[in-house]
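So you can see what is in the structure, the chains are spelled out below.
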Amino acid sequence: MHKFKILKNEKGAFRIQFVYNSEVMVWSENYASKASAKNCIESIKKNAPDAAIVDLTKEETGSGYRFEIDEAKNGETFVRFRASNGEIMVRSETYSSKSSAKNCAESIKKNAPEAPTVDDAI
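Residues numbered from 1 in each chain as written. Predicted model: local features only at pLDDT ≥ 70, side-chain atom pairs only at ≥ 80, totals over all residues. Heavy atoms only, no water.

### Some points on unusual backbone geometry
Positive phi is not limited to glycine here, since Asn-21 has a value of about 55°. Counting through the fold element by element, Asn-21 comes out in the loop between strand E2 (14-20) and strand E3 (23-28). Positive phi, normally seen in glycine, also occurs at Glu-59, with a value near 60°. With respect to the element layout, Glu-59 can be found in the loop between strand E4 (52-55) and strand E5 (66-71). (Helix = DSSP H or I, 4+ residues; strand = E, 2+ residues; numbered from the N terminus.)

Take a look at the structure:
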């Protein structure tokens, strides 16, 4: 089952994860407030389904809300979801195959809108 999780670190900052079963697909930066973490989730739910997938390794470009497939320093690929203002909202682990990175983006597009949110930051 896909779900969003809100987590709180030892310093009191909040972050989100999008999880499939027990596997973390993407995670966010730290936010000062839980409200900001919740806003991130709502924005992904609303904007991910129609977001383009841009392959930066092929020098594709994009604007607005978009998934970007990019190459990591180790040569593997990863996905990030970028807001229309250019801010990175979430990113994934690295994948040895570009198709796995694309599958990650497609899964978020498909499953995020209906995914429940679990608040583990209580």
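Past the structure itself, the notes keep going.
### Re the environment of Asn-47
Within the fold, Asn-47 resides in helix H1 (residues 34-47). Taking relative accessible area as the criterion, Asn-47 reaches 18% and is therefore assigned buried. With 70 residues separating them along the chain, Asn-47 and Thr-117 place their C-alpha atoms 16 Å apart. Filtering out sequence-adjacent residues up to four positions away, Asn-47 remains in contact with Tyr-65 and Phe-81. (Buried < 20%, exposed > 50% of the residue type's maximum accessible area, 1.4 Å probe, protein only. Contact = heavy atoms within 4.5 Å.)

### Some words on the pairing of E3
The sheet contact formed by E2 and E3 spans four bridges and is antiparallel. When the bridges of E3 are listed, Phe-18 appears paired with Val-26. Here E2 folds back onto E3 in antiparallel fashion, the turn holding two residues, of which Asn-21 has a positive phi close to 55°. With three bridges joining them, E3 and strand E7 (residues 88-92) adopt antiparallel strand pairing. Bridging from a neighbouring strand, Val-26 pairs with Ser-92 of E7. (Pairing = 2+ DSSP bridges.)

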